[in-house]
Amino acid sequence: EATYVDAQGLIQSTNELGEELITNGDFSNGSTDWSLSTSWSVVDGKLYSDNTQTSFTSARQLNVTEIGKTYKLKFNLNLVSGIVQVKGTNVYRNYLPADNGEITLYFTADNTQFRFTNFPNNNNGTLGTIDNVSVKEHITATNTPRLDYSTGAEAFLLEPQSTNLITQSETF
């Protein structure tokens, strides 16, 4: 990983995020683009799990990810009871009411589907909302040059070659 100084003078990483892959992640268009099983709906612009499930059900989008690529997931969680599980990777990640707030997770896709699944917990169904869902490919660039904007124009940031003039300096 390398860094560069951007046009505003801020240090940035060469790690980049791709374009947004989730459509209607803010649920402003209702359930458009989402496949919702029983007990899921969109209420007040949020994905809502209504506490009526007796087994797991899911809210999903197909053809979101590509197998083997790494992604950054962000969403807002507000659970009252139960468990919400994120599936987009071999590792299933479970979230409880104690995890409420903005969630960020990096995962490697093992299929093209992205989904939230709700589970009853101790005979309580999952009650709560999810909002502002974002999935972007996490790209780790290699051999990316560092850029310098200190002169007001974009230029490669190159460091001169140097020789260590102190003998046995690594013993200090």
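Residues numbered from 1 in each chain as written. Predicted model: local features only at pLDDT ≥ 70, side-chain atom pairs only at ≥ 80, totals over all residues. Heavy atoms only, no water.

Novice: Can you help me understand the overall build of the protein chain in this one?
Specialist: Helix and strand counts for the protein chain stand at zero helices and 15 strands. Within the span of the protein chain, comprising 172 residues, buried residues form 33% of the whole. In the protein chain, the proportion of contacts linking residues at least 24 apart, taken out of those at least 6 apart, comes to 65%. For the protein chain, the exposed area adds up to about 10500 Å²; of that, 47% sits on carbon and sulfur atoms. (Helix = DSSP H or I, 4+ residues; strand = E, 2+ residues; numbered from the N terminus. Buried < 20%, exposed > 50% of the residue type's maximum accessible area, 1.4 Å probe, protein only. Contact = heavy atoms within 4.5 Å. Areas by Shrake-Rupley, 256 points an atom, 1.4 Å probe, with all protein chains shown as cover.)

Novice: Help me understand the nonpolar core in this model?
Specialist: Generally speaking, a soluble globular protein has its nonpolar side chains buried in company with each other. Grouped together as the largest cluster of nonpolar side chains are 24 residues, with contacts concentrated most on Leu73, Phe75, Phe114, Phe116, Ile130 and Val133. Of all elements in the fold, only strand E8 (70-81), strand E9 (83-87), strand E11 (101-108), strand E12 (114-119) and strand E13 (127-140) reach the threshold of two or more residues within this core. Considering each element in turn, this core owes the most residues, five residues, to E8. (Core = buried A, V, L, I, M, F, W, Y, C linked by side-chain atoms within 4.5 Å.)

Novice: What is the right way to read the pairing of strand E5 (residues 40-43) from this model?
Specialist: Side-chain positions along a regular strand alternate between the two faces of the sheet. For E5 and strand E6 (residues 46-50), the ladder comprises four bridges, and the chain directions are antiparallel. Residue pairing across strands places Val42 opposite Leu47, the latter belonging to E6. A loop of two residues connects E5 with E6, the two strands running antiparallel in sequence, and Asp44 in this loop sits at a positive phi of about 55°. (Pairing = 2+ DSSP bridges.)

Novice: What is the right way to read the pattern of salt bridges from this model?
Specialist: Proximity of charged atoms lets side chains of opposite charge pair with each other. All told, the structure shown has three salt bridges when counted by the stated rule. Two residues, Lys69 and Glu137, come together in a salt bridge whose shortest N-O distance is 3.8 Å. One end of the pair, Lys69, is in the loop between strand E7 (57-61) and E8; the other, Glu137, is in strand E13, with 68 residues separating them in the sequence. The exposure class assigned to Lys69 is partly exposed, which follows from its relative accessible area of 28%. Residue Glu137 is classed as partly exposed on the basis of its relative accessible area of 23%. (Salt bridge = Lys/Arg side-chain N within 4 Å of Asp/Glu carboxyl O.)

Novice: Which parts of the structure should I look at to understand the packing of aromatic side chains?
Specialist: Aromatic rings in a pair are described by how distant their centres are and how their planes are angled relative to each other. One pass over the structure, following the stated rule, counts seven aromatic pairs. Plain terms: the ring middles of Phe75 and Phe116 are 5.0 Å apart, the flat faces sit at 70° to each other, and that makes the pair edge-to-face. In this pair, Phe75 sits in strand E8 while Phe116 sits in strand E12, placing the two residues 41 residues apart along the sequence. There is no split in this pair, since Phe75 and Phe116 are both buried. Each member of the aromatic cluster is reached from another via a ring pair, and the members are Phe27, Trp34, Tyr71, Phe75, Tyr95, Phe107, Phe114 and Phe116. (Phe/Tyr/Trp six-rings, centres within 6.5 Å; stacked < 30°, edge-to-face > 60°.)

Novice: What am I meant to see in the side chain of Asp131 here?
Specialist: Inspection of the secondary structure puts Asp131 in strand E13. It turns out Asp131 is buried and unbridged, and the closest side chain with the opposite charge, Lys46, is 4.9 Å from it. In this view, Asp131 contacts Gly25, Asp26, Phe27, Gly45, Lys46, Phe75 and Asn76; residues no more than four positions away in its chain are not counted. (Lys, Arg positive; Asp, Glu negative; His and termini not counted.)

Novice: Whenever I open this one, the sheet that holds E12 confuses me. Can you help?
Specialist: Adjacent strands of a sheet form backbone hydrogen bonds with each other and so pair up, either parallel or antiparallel. Strand order in this open sheet of five strands is E4-E7-E12-E9-E10, and the pairing throughout is antiparallel. Two strands close off the open sheet at either side, each with one partner strand: strand E4 (35-36) and strand E10 (93-95). By the bridge criterion, five bridges tie E7 to E12 in an arrangement that is antiparallel. Residue Ser58 lies in a different strand from E12, and its bridge partner there is Thr117.

Novice: Explanation requested: unusual backbone geometry in the structure shown.
Specialist: Glycine aside, residues mostly have negative phi, and peptide bonds are mostly found in the trans state. For Phe27, which is not a glycine, the phi torsion comes out positive at approximately 60°. Topologically, Phe27 is positioned in the loop between strand E3 (15-20) and E4. Residue Phe27 is classed as buried on the basis of its relative accessible area, which comes to 1%. Located in the positive-phi region is Asp33, a residue other than glycine, with phi close to 75°. Looking at the element boundaries, Asp33 is found in the loop between E3 and E4. Since its relative accessible area comes to 44%, Asp33 is described here as partly exposed.

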